[in-house]
Amino acid sequence: MSEEQPEDLVVEIGEGRSYPIRFVESIADKLSRLVVQYMDEQKGLVVVTDMNLAVAQALLFDDILKEVPTFTVSPGESSKNLLRLGEIWDFLANIRLDRKGAVIAIGGGVIGDLAGFASASFLRGTSYFQVPTTLLAMVDSSIGGKTGINLEAGKNLVGAFFHPEEVLIDTTLLKTLPDAEFSAGMAEVIKYGLLGDAELFSRLEDLDRLHPEHPELASIIRRCCSIKAAVVSEDEQETATAGGRALLNLGHTFGHAIENVSGYGIYLHGEAVSIGMVAAARMSCLKGWIPEVDVGRIVRLLKRYDLPVCLRQPLDRMELLEAMRQDKKVRRGVVHFVAMRQLGDSFTTSEVEEHVLLESLEIIGAE
Ligand code: GLY
């Protein structure tokens, strides 16, 4: 291992269930060893990936994984549906994957969620490995065992908590990631600073703009993963009555409403979260919890990554409010927001008046 390679982490969820997040120097080498191991032990392996990746990482698929049955889906959120899930189940059944075998999910959040849920449900549970290829998946969706698909009625409405065997992170995979996707991942990185790590937030402010070749990127990713792992260890299934895993939704209640009302695909998820974090910061400021100057710091950092800090086209405030009330995180009809007490210290609250929400939405460009 080279000196710069970050140390592995563990997601502690109890004996026999905890699993590592490994920072690997070469995913090709790691997968090659995994393929040999599974072959030697006569256990089946299957890859689920998307078409963009199959092209961008052609060497990996045509060489290391050429003997591994591979199911390839169209890229994008629209693949995270029941039809595709059914096709993956059939694929696993046709190649006779048994419960000793494993699925390797190679891709971003969509692939991780879809392949993870296929693994959770096929034969009542087969092992899977997460190989995240986007920044967002590396710091968030590949860790913590949330798997699932979307329904017409909403995103992620069907799924399971089902943890991978290992999360395998090779940050060099980010070199082929489009700039906008990298920036969208940075929204989640900034989120970690805001929700619980003031030092990370300041470090991000002090660093030049991060990019896939930046020498500090891997250690920043590791820091985010360690926050995510700690939060998941504390509140694995998001059952805490206050704080806990729900804190990871900072900016997401607003963000999901923006995605929902504008129509999915208009904003990348991280872009909607970026605007959502500004709304959450405005809301926290209007409530008197954080000063205006902190809102300015958040906006400046998001802008450094060309992330939107207000709506590109105005949306209707009442529609956004209604969408927030429909969010699946609503408990007994009460919307729980993640607010900021200060930069690096967030909390969950339902104590936000409608006029405060409407004003926060107006400031981000809703009408
Ligand atoms: N992405 C939020 C969570 O894993 O809980």
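Each value, and the rule that gives it
Residues numbered from 1 in each chain as written. Predicted model: local features only at pLDDT ≥ 70, side-chain atom pairs only at ≥ 80, totals over all residues. Heavy atoms only, no water. Helix = DSSP H or I, 4+ residues; strand = E, 2+ residues; numbered from the N terminus. Rg over C-alpha atoms; globule rule 2.2 N^0.38 Å. Buried < 20%, exposed > 50% of the residue type's maximum accessible area, 1.4 Å probe, protein only. Contact = heavy atoms within 4.5 Å. Areas by Shrake-Rupley, 256 points an atom, 1.4 Å probe, with all protein chains shown as cover. 1 Å grid on protein atoms, 1.4 Å probe; cavity = no way out; pocket = protein on both sides within 12 Å on 5 of 7 lines; lining within 4 Å. Points joined across faces, edges and corners; volume = space filled by probe spheres on them. Nonpolar A, V, L, I, M, F, W, Y, C, P; charged D, E, K, R; others polar. Pairing = 2+ DSSP bridges. Axes fitted to C-alpha atoms, helices over the stretch in contact; angles between N-to-C directions. Near = heavy atom within 4 Å. Polar contact = N/O pair within 3.5 Å; in protein donor to acceptor, adjacent residues only side chain to side chain. Expected span 1.5 Å × (residues − 1). Arc of directions from axis to C-beta.

Caption draft 1: The overall build of the chain, seen in detail. Helix and strand content of the chain: 14 helices and 11 strands. At 20 Å, the chain has a C-alpha radius of gyration in line with the 21 Å of a compact globule built from 367 residues. Each of the three principal axes of the chain carries a C-alpha extent, and together these read 60 × 45 × 40 Å. Looking at the chain as a whole, 55% of its 367 residues are labelled buried. Across the chain, every contact between residues at least 6 apart in sequence was considered, and the portion connecting residues at least 24 apart equals 72%. Element-wise, carbon and sulfur atoms account for 48% of the exposed surface of the chain, whose accessible area totals about 16,100 Å².

Caption draft 2: Structural context of the layout of surface pockets. Here the second largest pocket is characterised by a volume of approximately 330 Å³. Along the walls of the second largest pocket sit 17 residues, with Glu4, Thr171, His214, Pro215 and Ala218 positioned nearest its centre. Here the residues of the lining of the second largest pocket are counted per class, giving six nonpolar, six polar and five charged.

Caption draft 3: Region of interest: the sheet that holds strand β2 (residues 19-23). An order of β1-β2-β9-β6-β5-β3-β4 is seen for the seven strands of this open sheet, with the pairing classed as mixed. The sheet is open, and its two edges are formed by β1 (9-11) and β4 (70-73), each paired on a single side. Strand after strand, the sheet turns through a mean of 20° between neighbouring axes, direction not considered. Sheet analysis places strand β5 (residues 102-107) next to strand β6 (residues 127-132), joined by six bridges and oriented parallel. Within β6, the residue paired with Ala105 across the bridge is Gln130. On top of the sheet, helix α5 (residues 109-121) reaches β3 (45-50), β4, β5 and β6; it is set at about 170° to β5, its chief contact.

Caption draft 4: How the structure looks around the site of the ligand. Taken together, Asp140, Lys146, Lys228, Arg245 and Leu248 form the complete shell of residues around the ligand. Lys228 is positioned such that a nitrogen or oxygen atom in its side chain is 2.5 Å from an oxygen atom of the ligand. In the model, an oxygen atom of the ligand is placed 2.7 Å from a nitrogen or oxygen of the Arg245 side chain. Within the complex, the protein chains bury 87% of what would otherwise be the 200 Å² of accessible surface of the ligand.

Caption draft 5: Here's a closer look at helix α12 (residues 292-304). Here α12 spans 19 Å end to end across 13 residues, near enough to the 18 Å set by a 1.5 Å rise per residue. Within α12, burial applies to Asp294, Val295, Ile298, Val299, Leu301 and Leu302. Along the long axis of α12, the arc covered by the buried residues comes to 165°, so they all point the same way. Of the residues in α12, the exposed ones pointing more than 90 degrees away from the buried face are Val293 and Arg300. Its buried side turned inward, α12 meets α7 (179-196), α8 (198-206), α11 (269-286) and β10 (337-342).

Caption draft 6: Just the pairing of strand β7 (residues 146-151), in detail. Relative to strand β8 (residues 154-161), β7 is paired through five bridges, and the arrangement is antiparallel. The residue bridging Thr147 from the neighbouring strand is Ala160, located in β8. The loop that links β7 with its antiparallel partner β8 comprises two residues.

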